[in-house]
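Listed here are the chains, written in short residue letters.
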Amino acid sequence: MSERILNILMQLFAIIVKINGHSENGSSGVRNAHQIIRSFLKIELASGKIEHYIVLFDQYSEALRPPRKSKYSEGKRNSVNSVKVLRICNEINKELTIRQKFIVLMRIMELILLDENCTELELAFLRTVAETFKIEPEEYLLIFSLLKNEISTDQPPENCFIITGEDTTEDRKFKLNGLDQPIVCIRIHNNNLLFFKYFGNDDVYLNGELLDNRKAFLLNPGDSINTSKSDRIYQADLLNRFLSTSTTQRFLYKATNLSYRFPFGAVGLQLFSTTIYSGQLVGIMGGSGTGKSTLVDLLSGAKRPQTGTVTINGIDIHRSPREIEGLIGYVPQEDLLIEELTVFENLYYSARLVFGDLSETEIRRKVIQVLDDLNLSSVKHLKVGSPLKKVISGGQRKRLNIALELIRNPSILFVDEPTSGLSSIGSLKIMNILKNLSLKGTLVFVVIHQPSSDVFKLLNRLILLDYGGYQIFDGVPSTALTHFKKALEYANADSEGCSVCGNVNPDQIFEIVEAQTVNEFGVPTRERKHTPKQWHELFLRQKQEEASGAEELNTTKKELPAPLKLPGLIQQFSVFFSRDFKSKISSFQYVLLVLAEAPVLALILSSFLKSYIETEGSSSYLYYYNENIPVYLFVSMLVSIFLGMTVAAEEINKDKKNLKRERFLNLNWGSYLYGKMALLLLISAIQSFLFVLVGSLVLQITELWFENWLMLFSVSFWSNLLGLNVSLLFRQTKLIYIAIPILIIPQIIFSGLIVRYDRMNPVFSHPHKVPWIGNLMISRWAYEGLAVEFASENSFAAITFDLQQKGSELQWKKDYWIPKIRELVEHKKNGTLIKNELSKEENNWDNLTCANCFQGDTPNSKNIDKFLSVLHLQYTNNYNATIDSIEIVKKRFGLKRYAAYREKYDNEGLERLVTGRDRIEKIYVDHSDNRIYQLEDPLYQSSDGLGFFNAPYFIKEKSIGSYRIDTFYANLIVIWLFSMILYHWLHSQETKKRIRLYIYETLMEFQLRRKRSSGRKRLR
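Because the structure is a prediction, the values reported are computed rather than measured. (Residues numbered from 1 in each chain as written. Predicted model: local features only at pLDDT ≥ 70, side-chain atom pairs only at ≥ 80, totals over all residues. Heavy atoms only, no water.)

Draft legend 1. Layout of the overall build of the protein chain. A tally of helices and strands in the protein chain yields 32 helices and 29 strands. Taken over 1020 residues, the protein chain has a buried fraction of 52%. Contacts spanning at least 24 positions in sequence make up 68% of the contacts within the protein chain whose residues lie at least 6 apart. Approximately 49100 Å² of the protein chain is accessible, and the part contributed by carbon and sulfur atoms is 52%. (Helix = DSSP H or I, 4+ residues; strand = E, 2+ residues; numbered from the N terminus. Buried < 20%, exposed > 50% of the residue type's maximum accessible area, 1.4 Å probe, protein only. Contact = heavy atoms within 4.5 Å. Areas by Shrake-Rupley, 256 points an atom, 1.4 Å probe, with all protein chains shown as cover.)

Draft legend 2. Molecular detail of the sheet that holds strand 13 (residues 307–312). Taken in spatial order, the 4 strands make up an open sheet running 11-10-13-14, and their pairing is antiparallel. Edge positions in the sheet fall to strand 11 (267–277) and strand 14 (315–316), since each of these pairs with one other strand and no more. Taken strand by strand, helix 9 (residues 292–300) contacts strand 10 (252–261), strand 11 and strand 13, and its axis lies near 125 degrees from that of strand 10. (Pairing = 2+ DSSP bridges. Axes fitted to C-alpha atoms, helices over the stretch in contact; angles between N-to-C directions.)

Draft legend 3. Spotlight on the UniProt feature "transmembrane region" (unreviewed entry) in the protein chain. Taking the numbering used here, the UniProt-annotated feature "transmembrane region" (unreviewed entry) corresponds to residues 588–609, 629–652, 673–697, 709–728, 735–755 and 968–986. The span residues 735–755 is 71% helical and 0% strand by assignment, and the distance between its end C-alpha atoms comes to 29 Å. (UniProt positions renumbered as here; feature names shortened; annotations may be inferred.)

Draft legend 4. Layout of the pattern of salt bridges. This structure, assessed with the given rule, holds 25 salt bridges. Across the pair D655 and K654 runs a salt bridge, and its minimum N-O distance is 3.6 Å. Given the relative accessible area of 6%, D655 is considered buried. Accessibility expressed as a relative area gives 43% for K654, which makes it partly exposed. Notably, a salt bridge pairs K840 with E837, separated by 3.3 Å at the nearest N-O pair. Here K840 pairs with E837, and both are found in helix 28 (residues 831–843), just 3 residues apart, close to one helical turn. By relative accessible area, E837 is classed as buried at 4%. What you see here is one network of salt bridges that share partners, running through D580, K584, E651, K654, D655 and K676. (Salt bridge = Lys/Arg side-chain N within 4 Å of Asp/Glu carboxyl O.)

Draft legend 5. Fine view of the sheet that holds strand 1 (residues 160–164). Taken together, the 5 strands give an open sheet; going across it, the order is 2-1-3-4-7, and neighbouring strands pair in mixed fashion. The open sheet is flanked by strand 2 (173–175) and strand 7 (216–219), the only strands paired with a single partner. Along the sheet, successive strands turn relative to each other by an average axial angle of 25 degrees, direction set aside. Bridge count for strand 1 against strand 2 is 3 bridges, and the pairing is parallel. Looking at strand 2, one finds that I162 is bridged to K173. Each of strand 3 (183–188), strand 4 (193–198) and strand 7 touches helix 5 (residues 98–112); the most contacted strand, strand 7, lies at about 175 degrees to it.

Draft legend 6. Local environment of the packing of aromatic side chains. One pass over the full model with this rule turns up 35 aromatic pairs. Ring centres of Y924 and Y933 lie 6.4 Å apart, and the angle between their planes is 20 degrees; on these two criteria the pair is classed as stacked. A relative accessible area of 4% means that Y933 is categorised as buried. Grouped by ring-pair contacts, the aromatic residues F634, Y757, Y783, Y953 and F954 constitute a single cluster. Between the NZ or CZ atom of K813 and the centre of the ring of W817, over which it lies, the distance is 4.6 Å. Lying across the ring of Y879, K814 places its NZ or CZ 5.0 Å from the centre. (Phe/Tyr/Trp six-rings, centres within 6.5 Å; stacked < 30°, edge-to-face > 60°. Lys NZ or Arg CZ within 6 Å of the ring centre and 35° of its normal.)

Draft legend 7. Molecular detail of the state of the cysteines. Counted according to the given criterion, the structure contains 1 disulfide. Each sulfur in the disulfide pair C850 and C853 lies 1.5 Å from the other. What sets the handedness of the C850 and C853 disulfide is the S-S torsion sign, and at about -95 degrees it is left-handed. C160 forms no disulfide, and the closest cysteine sulfur to it belongs to C185, at a distance of 8.9 Å. (Disulfide = S-S within 2.5 Å.)

Draft legend 8. Expanded view of the nonpolar core. If you look at the biggest cluster of nonpolar residues, it comprises 149 residues, and the most contacted ones within it are L347, V367, M431, L434, L464, F484 and I652. Residues within four places of M431 in sequence aside, it is in contact with L281, P418, T419, V446, I448, V455, L458 and L459. In this structure, A14, I37, M106 and I108 belong to the second largest nonpolar core, which totals 57 residues. (Core = buried A, V, L, I, M, F, W, Y, C linked by side-chain atoms within 4.5 Å.)

Draft legend 9. Looking closely at the environment of N226. Within the element layout of this structure, N226 appears in strand 8 (residues 224–227). The class for N226 is buried, based on a relative accessible area of 11%. For N226 and V204, which are 22 residues apart along the polypeptide, the C-alpha to C-alpha distance reads 5.9 Å.

Draft legend 10. Structural view of a nonpolar patch on the surface. Together, F581, I585, L595, L682 and I686 make up an exposed nonpolar region whose accessible area comes to about 390 Å². Residue assignment for the nonpolar patch shows that the elements contributing at least two residues are helix 18 (569–585) and helix 22 (669–699). Residue I585 is classed as partly exposed on the basis of its relative accessible area of 45%. (Patch = residues over 30% accessible without salt bridge, like charges linked within 9 Å, V, L, I, M, F, W, Y side chains within 5 Å.)

Draft legend 11. Seen up close, the confidence of the model for the protein chain. With 88% of its residues at a pLDDT of at least 70, the protein chain reaches an overall mean of 82. The low-confidence segment residues 1016–1020, where pLDDT is below 50, has 0 contacts with residues more than four positions distant or belonging to other chains. (pLDDT = per-residue confidence, 0-100.)

Draft legend 12. Here's a closer look at the pairing of strand 26 (residues 923–926). Where strand 26 lies against strand 27 (residues 931–934), 4 bridges are found, and the strand directions are antiparallel. Note on strand 27: the bridge partner recorded for D926 is R931. Turn length for the strand 26-strand 27 hairpin, with the two strands adjacent in sequence and antiparallel, is 4 residues, and the turn residue N930 shows positive phi of about 55 degrees.

Draft legend 13. Up close: the pairing of strand 12 (residues 281–286). Of all 6 residues in strand 12, 6 are buried, a share of seventy percent or more. Because side chains alternate across strand 12, one face comprises the buried residues L281, G283 and M285, and the other comprises V282, I284 and G286, equally buried. One ladder, built from 4 bridges, connects strand 12 with strand 17 (residues 443–447); its direction is parallel. Its bridge partner being in strand 17, V282 is matched across the sheet by F445.

Draft legend 14. Molecular detail of the side chain of Q471. Following the sequence through the fold, Q471 ends up in strand 19 (residues 470–475). Relative accessible area serves as the criterion here: at 1%, Q471 is assigned to the buried category. Side-chain polar atoms of Q471 contact the backbone oxygen of S273, separated by 3.0 Å. Apart from the residues lying within four places of it in its own chain, the contact partners of Q471 are L271, F272, S273, L464, L465, H536 and F539. (Polar contact = N/O pair within 3.5 Å; in protein donor to acceptor, adjacent residues only side chain to side chain.)

Draft legend 15. Main features of the packing of helix 19 (residues 588–608) against helix 22. Here helix 19 crosses helix 22 at 30 degrees, and the two axes come no closer than 8 Å. The pairing of helix 19 with helix 22 is recorded here as roughly parallel in orientation. The two elements helix 19 and helix 22 meet at a crossing, and its hand is right-handed. Note on element contacts: helix 22 touches helix 19 through I683, I686, Q687, L690, F691, V694, G695, V698 and L699, opposite Y590, V594, L595, E597, A598, P599, L601, A602, L603, L605, S606 and S607. Of the residues that constitute the contact of helix 19 with helix 22, the class distribution is 16 nonpolar, 4 polar and 1 charged. (Parallel < 35°, antiparallel > 145°, perpendicular 65-115°, else oblique. Left-handed = near helix turned anticlockwise from the far one by under 90°. Nonpolar A, V, L, I, M, F, W, Y, C, P; charged D, E, K, R; others polar.)

Draft legend 16. Examining helix 22 more closely. The end-to-end C-alpha distance of helix 22, which contains 31 residues, comes to 44 Å, matching closely the 45 Å that a straight helix rising 1.5 Å per residue would cover. Counting buried positions over the 31 residues of helix 22 gives 23, a clear majority of the element. The distance from a side-chain oxygen at the start of helix 22 to the backbone nitrogen of G670 is 2.9 Å, and the residue carrying that oxygen is N668. Just downstream of helix 22 lies Q700, where phi reads positive at about 60 degrees. (Expected span 1.5 Å × (residues − 1).)

In structure tokens form, the structure reads like this:
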């Protein structure tokens, strides 16, 4: 409180005393006023400065004393004083906290009550002060009744509680030994302030100091009351008493004999037990690596203990998670905020995922209310930004993180390090929010480091862990220091804090716990005075010695708060999609990069690959003569893989913290994935379209745009799913980008373009078939589909494709197949192969057979030669007829038009690639398979008898059983099947994690039981 405010308050107190008449009633009245003012100043000031303000009060009182011959009447002076009181109250109203306002008002009441007869003028002044301070009449009148001893102790009103020295079973009374008369406690409901007054003559202590039973006192957090014959009652206990009588849904949270070991064998937590009622703020403290995070994971249900249970009103949270669905909330230390969204939008989308039964208007109203409660309304339209590039302050970020859980009002809330990185003031604000939440009935667990004295006093319960996961304390925070002091036999072991200011230094607890022994030279050693295990054993002994006198709740499953009604699967999908969409379009850089990346790459690629030809001394561009078109199609496919993977590679990884929190709501994993996939589908479609558009315009590709887009889009979406799997698999972003090249480079090598399949290591390759490693590559399916489609489905190829296909087969038969058969017959090699080939050939003709060509498997060279001569003549005639037919088609189409179509729609380089004309070998004899394969013109080959995966690279059609399907669409189907496999794998990861965790925990539990059993046998 500032010096100016204290000066003004001294003036206000002087006016009240003047109105009461004690400034003129002699030294007794002044002394009583001094005593009241001193008790007020003692709260705000060090003892050395109190007398200065007492003198100032006397000066103001003297100035208000009227002269003996005053020309003003008493009424006139009272009016002037009334105006002064109103002016003073208005002046200090905005600078006093609500707690300070109540204290000032209570001291004014005590000054008024110095004279037992309260005048109407005094009561009017009291109303003026209360109204200016915005204090409700029923609140200040309740305090006034307490000071006047008018509250009935037999039938206390609703906001009163009686502490008596007698046995009692009444709801609003409880016993404290050593009282001759009751202590009356009242609660100011709106602000959870507790005032009390003792009406007896026995010694009653407030924070260890004897209190004056003529006054009322305000209980601050951490304050305690006791008699010489009783234990201490703390402010939190009294407040919870009030809450327990007004809250119907009270529950019991109990952890029994919890223990945990990590998969690699290290101990995470030793045997741990605690019992806690709802409506408390529980602090979990301990050094780094003592098991705090493990304990929170076990208590919240995120991890399953090897031994022990965690129950809420008897319901095991690990075995029956559905029954406590939505009751537990979790706020991790890391940010859960989406940087690109505003404060309002972050909270709004969180609320939409929680309230399935509320309308849009109701959700928005609820969000605005929570923002108002946490003082975030002024920044609700600001983007939250990142922790490094801040838009809102650190304290506002912490409050917004808490708001994400606060909006759904969970019954149990776990908060990890809510004060880290904040100032002492910011930390206190955050802890006050959590304290108020606990006062509404929520059980709040807080992992906290180095709390200030004010923060420490807010805790109702303190759990301390030591290295090795040992529980070394569980009780009232203010008794922790005395617990450890007594163990080390400190001289002032009963002191809980500073006797002057009442502050507690939590760091002193750890100094005692981790105190080290000293050697003969007085130098501290590394050995501790008490090991963690010794502290744990001390804690267990004290726990057994303490009387259990704790109240037991008759808790049943029916008393648990009703779970929230979550939105349906489609609603969840809508929220996830719209949240992701909004976060992405809110980032200008992201939108610009996503929209510009594909067309810029297409422009660069197509510009560099646009080759010109020299014609009559000048350069001109013709699509037919651009030998880089195969390379363009290949790189286009690689660009789609790269873009799809990089867009998706961080999507799940950056959401993992949110997913951990949302797991407590049991939101649908599939809805989340579909939301991600739908947005990535949209991005891939746009990027693929822009790439095809720019690349085709530059390279003058005038048709097959849709087919080009469809293939690149399919590849990009497959890559999206691969990126999502990578994002789920790796925890660190840098590992994701290390993995991307490992996944992309094989797509380049095994695509069949950089290195032909027949030139690979013989272990993997085959002269005719695509090796298995190639069939695993999306690049192989995509590139083959594009190349075949561009080579066979363009407007030029359609003119003569069927005739070209027929001519190719006839030419290969007469020029390569027949000579090869004759060679095999001549050298008498592999009669079975010759027989198989001739048998297939006979099936192709209705009136042509190879009579007496074989004696068993031995070929008859003379008869075979005759048969082959007939075949050669027939194939030659058919081939010539086919060539003539092609020429006729050309003439009918128009030779100039035919040539123009060729230059516009066909590409020489692509044609050479898919027909394999650069290959030296045109035929391959497979002696192991007893078959001859055509290596030339794979585009024109028939897929009959080859099977789907054994078909040659760049074949026009593929067979699935007796059905034939165009290679382009067959490869599309394969790509989408690969995509479905990736999605199934992605969708099943959460389930697999839970199964693996369950198996591991079951094995650990079995192992522990075996150890215990063997230990008992040894004891016998």
